Amino acid sequence: WLTRHEQKLAETKAGGSQLIFLGDSITQGWETAGKAAWEKHFAPRKAANYGFGGDSTQHVLWRLDHGEFDGISPKVCVLLIGTNNARHSESEPADTAAGVRAILDRLAAKSPATKVLLLAVFPRGASPDDPWRRRAEAVNALLPALADGQRVHFLNANEKFLELGGTLSKSVASDLLHLSEKGYGIWAEAMEPKLKELLGEK
């Protein structure tokens with residue numbers, strides 16, 4: 001984890017990234033299962049991946065407080081965080097949302113011109129009544145209030161991952177949490193219209 005953090009500090013110092021993905025293992029997975037979709041959609045946009053496996057909101061805050069994002073101003077930051085908070089029963093949805101708000105505040109302080117695409121926590125578990133899915137949805141209910149439609153934009157694309165009845169297929173998320181190659185393709189396409197808008201592309 002610290003080795004990856006050092007790598008990201010070096011990337012930050014080098015600069016040049018116009019699109020940064022910030023989050024946990026689901027974001028880090030653009031480097032593995034999501035590699036083909038990344039090369040198609042994001043590599044040409046000078047994108048960088050600041051996803052770290054196992055991260056909760058507090059880990060992202062630590063990284064931001066220790067150099068990641070210092071001195072850079074990407075056009076857009078895609079933020080997906082919270083599923084690891086929801087996994088721990090002692091973490092209440094309001095606490096997770098407060099952590100997300102703190103991340104947004106840090107980003108505003110470090111890079112005020114950067115627009116943030118805040119994503120709903122992705123669905124997990126096979127069915128809608130999965131207890132961890134429900135906890136994630138409780139977090140998602142609080143996230144739209146953190147978006148102002150100017151600097152922070154909220155996107156809930158979760159329905160695109162699900163089958164009729166709200167079932168999450170292993171073809172989309174092989175362990176019912178981390179996305180497959182198919183899942184990353186769905187994620188990329190779901191973001192495309194909003195990313196074009198926020199990046200100022202025609």
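Model, not experiment: these values are computed from the prediction.

About the criteria used
- Position numbers for residues start from 1 in each chain and track the written sequence from start to end.
- Side-chain atom pairs in this predicted model are given and counted only at pLDDT of 80 or more, local residue features only at pLDDT of at least 70, and totals for whole chains, interfaces and linings cover all residues.
- With hydrogens and water set aside, each side-chain value is computed from the structure's full complement of heavy atoms.
- Remark: exposure states derive from per-residue accessible area (1.4 Å probe, protein chains only) relative to the maximum for the residue type, with buried under 20%, exposed over 50%, and partly exposed in between.
- Under the DSSP-based scheme used, a helix requires at least four consecutive residues in state H or I and a strand at least two consecutive residues in state E, with every element numbered from the N terminus.
- At least two bridges found by DSSP between two strands is the condition for calling them paired.
- For salt bridges, the criterion is a side-chain nitrogen of Lys or Arg within 4 Å of an Asp or Glu carboxyl oxygen.
- Here the aromatic set is Phe, Tyr and Trp, taking the six-membered ring for Trp, and pairing holds for ring centres within 6.5 Å; pairs whose planes are under 30 degrees apart are stacked, those over 60 apart are edge-to-face, and all others are tilted.
- We call a charge positioned above a ring when the Lys NZ or Arg CZ atom is no farther than 6 Å from the ring centre and deviates by at most 35 degrees from the ring normal.

(A) Quick look at the pairing of strand β2 (residues 47-51). The element β2 is largely enclosed, with a buried count of 5 among its 5 residues. As defined by bridge partners, strand β1 (residues 19-23) adjoins β2 across 5 bridges and the pair is classed as parallel. Bridge assignment links isoleucine 20 to a residue of β2, and that residue is alanine 48.

(B) Representation of the pattern of salt bridges. Enumeration according to the criterion identifies 9 salt bridges in this entry. Here arginine 4 ties to glutamate 31 by a salt bridge, and the two come within 2.7 Å at their closest N and O atoms. Separated by 27 residues along the polypeptide, arginine 4 in helix α1 (residues 2-14) and glutamate 31 in the loop between α2 (25-28) and α3 (35-41) bring together distant segments of the chain. Of the charged contacts in the structure, one is a salt bridge between arginine 63 and glutamate 68, with a shortest N-O distance of 2.7 Å. Accessibility assignment for this pair places arginine 63 and glutamate 68 in one class, buried. Each member of the salt-bridge network shares a partner with another, and the members are Arg45, Glu192 and Glu201.

(C) Representation of the packing of aromatic side chains in the model. Inspection of every chain in the model, using the stated rule, returns 15 aromatic pairs. Between phenylalanine 21 and tryptophan 30, the ring centres sit 5.7 Å apart and the planes meet at 65°, which makes this aromatic pair edge-to-face. A relative accessible area of 0% means that phenylalanine 21 is categorised as buried. An angle of 50° between the planes, with centres 4.7 Å apart, marks the rings of phenylalanine 122 and phenylalanine 161 as tilted. Taken together, the residues phenylalanine 122 in the loop between β4 (115-119) and α7 (131-140) and phenylalanine 161 in the loop between β5 (152-155) and α8 (181-199) connect sequence positions 39 residues apart. Phenylalanine 161 shares its class with phenylalanine 122; the two are buried. Members of the aromatic cluster, each reached through a chain of ring pairs, are Phe21, Trp30, Trp38, Phe42, Phe122, Phe161, Tyr184 and Trp187. Across the ring face of phenylalanine 52, the terminal group of arginine 4 is positioned such that the distance to the ring centre comes to 5.2 Å. Looking at lysine 8, its charged tip hangs above the ring of tyrosine 50, at a distance of 5.6 Å from the centre.

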